[in-house]
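So the chains spell out like this:
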Amino acid sequence: MKHSYFLSALLLMLMFTTRVSAQQVDEQRMDSLAFTLMNQGDYEKSCQIRTREIELLSKSRPESDSVLISKYIHRSMCLMKIMKPADGKKDAYKAMVLWGKYHSDKDATFGVILHNLSLCQYDLHEYDSAMINARKALKIYEKIQKNDKNIMGILSHAAECFAAGNKLKEAIGYELRSLNIYRDLYGDDTSNYMEELAYLQAYYEKAGEKGKAAAIALKRVQQPADFNIPEPVQFDSPESSHLANDKALYCCKYYLSHKLTAPRMMEAALFIEYWNEQSKDARVYLGQKEHDIYQSGSGVFSYVAYEASTILQQFESGNLDLTESHYKKAIREAVRFYVENREKTGVNENLEPLAKFYVAKDETKLNAEIGKWYKELYEVFEKMK
């Protein structure tokens, strides 16, 4: 992962608490604009705003101020992107000194700073220093014990550093660890994973392990699964929806086999929704419980899993009736999807009772509760006949 800034602008914003007061309105506007420009890829302008912020804050706040230090971190990132690693290194080093002196040299923010400093040193071909700081950043995040994008980026960069220093065994070890997280977050059939896999292939080739490199090359020939997700379109009739049955089924399978962090999951979900609105080839049953899930904010993602499972089962069986077996499997899929993505979506009170049984592997209680849901839904549709 070349120059992976493993924390998004949003996450970095959350790391630093700002006071809301009248005199800070302009500061916050500048900050928001700088993040927007950064996310849009206009690093030059974002860097200019960061410079102005640093000038203003340096006059009104002490050097220990966390907001002021954050501006050095952000400017360091932008300087890297506009190919000024020497200047980026200065900002990262200053942030490291200040944060370590006034706050902590063991927290997540210090890990961010070390990682950015290592990135700058890597671009300056200071590989020994880059390796040292990459290891320090990794040590901090290993203590957090959370396999997320943060540590994934550090591991990826550490692999680059060690490969540049011709320490291929270490580089391969770090890259394999990073890829394990890529696999968990994105799936091993997606473009994100395939792109990162190219680095492992290169390290194997450099280490003379031609067989392993060839096996990876063979896998990378395959087209990533997310490339086949169609653009969401709103259908105007059952007939137009029918013509897109194969695409809808593909989206259902993709959605159920990946986490929300995988690429084009939102596009897949929207395609399923639009298709189902007009389709006569499947019937997704909606009662009060299902309606509550759909309307409960983050619950909509799990509802799509219920929807996708129902559609796939009906196509496989050719039966559009409200069967207990179809319903139970579909709700279980919704619960599974919720549990696997709960850290991203947040707790959902409608699904949490079932999730507790699912996590505890209490099949008896889980089946009994889902059975109650089915009975309630079945009775509603029986009355409608």
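Whatever comes next refers back to the structure up there.
The structure displayed is predicted, hence computed values, not measured ones.

### Topic: the overall build of the protein chain
Logical step 1: Helix and strand counts for the protein chain come out as 19 helices and 0 strands.
Logical step 2: When its C-alpha atoms are laid out on the principal axes, the protein chain stretches across 75 × 65 × 45 Å.
Logical step 3: Expressed as a percentage of its 385 residues, the buried residues of the protein chain come to 49%.
Logical step 4: Counting only contacts in the protein chain whose residues sit at least 6 apart along the sequence, the fraction spanning at least 24 positions is 64%.

### What to know about the packing of helix α15 (residues 288-295) against helix α19 (residues 363-383)
Helix-helix packing is characterised by the crossing angle of the two axes and by the distance between the axes.
Logical step 1: As a packed pair, α15 and α19 sit with axes 8 Å apart at the nearest point and diverge in direction by 110°. Compared by their axis directions, α15 and α19 come out roughly perpendicular. Within the contact between the two elements, α15 uses Gln288, Lys289, Glu290 and Ile293 and α19 uses Trp373, Glu376 and Leu377.
Logical step 2: When grouped by side-chain class, the residues that make up the contact of α15 with α19 number 3 nonpolar, 1 polar and 3 charged.

### Things to note about the nonpolar core
Logical step 1: In terms of nonpolar packing, the biggest core is built from 57 residues, with Tyr174, Leu197, Leu200 and Tyr203 touching the most fellow members.
Logical step 2: One finds Ala268, Ala282, Val284 and Tyr285 within the second-largest nonpolar core, a separate group that totals 48 residues.

### Let's talk about the packing of helix α13 (residues 245-256) against helix α14 (residues 265-278)
Logical step 1: At a minimum axis separation of 9 Å, α13 and α14 run at an interaxial angle of 135°. As judged from the angle between their axes, α13 and α14 are oblique. By crossing handedness, the relation of α13 to α14 is classed as left-handed. For the pair α13 and α14, contact is made by Asn245, Lys247, Ala248, Cys251, Cys252, Tyr254 and Tyr255 and by Met265, Ala268, Ala269, Phe271, Ile272 and Trp275, respectively.
Logical step 2: Here the contact of α13 with α14 is composed, by residue class, of 11 nonpolar, 1 polar and 1 charged.

### Regarding the packing of aromatic side chains
Logical step 1: Throughout the structure, instances matching the rule amount to 12 aromatic pairs.
Logical step 2: When the ring of Tyr306 is compared with that of Tyr327, the centres are 6.0 Å apart and the planes differ by 75°; the resulting orientation is edge-to-face. Separated by 21 residues along the polypeptide, Tyr306 in helix α16 (residues 299-317) and Tyr327 in helix α17 (residues 324-345) bring together distant segments of the chain.
Logical step 3: Here Tyr327 falls in the buried class, since its relative accessible area comes to 3%.

### Structural notes on the pattern of salt bridges
Note on pairing: side chains with opposite charge can pair once their charged atoms come close.
Logical step 1: Throughout the structure, instances matching the rule amount to 23 salt bridges.
Logical step 2: With a closest N to O distance of 3.0 Å, Arg264 and Glu231 form a salt bridge. Here Glu231 lies in the loop between α11 (210-220) and α12 (238-242) and Arg264 lies in the loop between α13 and α14, a separation of 33 residues in the sequence.
Logical step 3: According to the relative accessible area criterion, Arg264 is partly exposed, its value standing at 23%.
Logical step 4: The salt bridge involving Glu333 is made with Arg336; its shortest N-O contact spans 3.1 Å. A residue pair is termed a helical-turn pair when its members lie 3 or 4 positions apart in one helix, as Glu333 and Arg336 do in helix α17 at 3 residues.

### Comments concerning the environment of Lys375
Logical step 1: Secondary-structure assignment places Lys375 in helix α19.
Logical step 2: Owing to a relative accessible area of 53%, Lys375 belongs among the exposed residues under this scheme.
Logical step 3: Remark: the alpha-carbon pair of Lys375 and Ile154, spanning 221 residues in sequence, is separated by 50 Å.

### Description of the environment of Ile151
Logical step 1: With respect to the secondary-structure elements, Ile151 resides in helix α8 (residues 149-164).
Logical step 2: Residues within four places of Ile151 in sequence aside, it is in contact with Leu138, Tyr141, Glu142, Lys146 and Ile181.

### Overview of helix α7 (residues 127-144)
Logical step 1: The end-to-end C-alpha distance of α7, which contains 18 residues, comes to 26 Å, matching closely the 26 Å that a straight helix rising 1.5 Å per residue would cover.
Logical step 2: Along α7, the residues that are buried comprise Ala130, Met131, Asn133, Ala134, Ala137, Leu138, Ile140 and Tyr141.
Logical step 3: Phi for Gln145, located one or two positions after α7, is positive at around 55°.

### What about the side chain of Asp91?
Logical step 1: Here Asp91 shows up in helix α5 (residues 85-102).
Logical step 2: Residues contacting Asp91, with those up to four places away along its chain left out, are Tyr72, Arg75, Ser76 and Leu79.

### Quick word on unusual backbone geometry
Logical step 1: Residue Arg264 is not a glycine yet carries a positive backbone phi of 60°.
Logical step 2: Positioned with a positive phi, Lys361 is a non-glycine residue whose angle comes to about 60°.
Logical step 3: Along the chain, Lys361 turns up in the loop between α18 (352-359) and α19.

### As for the environment of Ala330
Logical step 1: By the element assignment, Ala330 lies in helix α17.
Logical step 2: The sequence separation of Ala330 and Ser178 amounts to 152 residues, and the corresponding C-alpha distance is 33 Å.
Logical step 3: Setting aside its immediate chain neighbours within four residues, Ala330 contacts Tyr306, Ser309, Thr310 and Gln313.

Calculation notes
- Residues numbered from 1 in each chain as written.
- Predicted model: local features only at pLDDT ≥ 70, side-chain atom pairs only at ≥ 80, totals over all residues.
- Heavy atoms only, no water.
- Helix = DSSP H or I, 4+ residues; strand = E, 2+ residues; numbered from the N terminus.
- Buried < 20%, exposed > 50% of the residue type's maximum accessible area, 1.4 Å probe, protein only.
- Contact = heavy atoms within 4.5 Å.
- Axes fitted to C-alpha atoms, helices over the stretch in contact; angles between N-to-C directions.
- Parallel < 35°, antiparallel > 145°, perpendicular 65-115°, else oblique.
- Nonpolar A, V, L, I, M, F, W, Y, C, P; charged D, E, K, R; others polar.
- Core = buried A, V, L, I, M, F, W, Y, C linked by side-chain atoms within 4.5 Å.
- Left-handed = near helix turned anticlockwise from the far one by under 90°.
- Phe/Tyr/Trp six-rings, centres within 6.5 Å; stacked < 30°, edge-to-face > 60°.
- Salt bridge = Lys/Arg side-chain N within 4 Å of Asp/Glu carboxyl O.
- Expected span 1.5 Å × (residues − 1).

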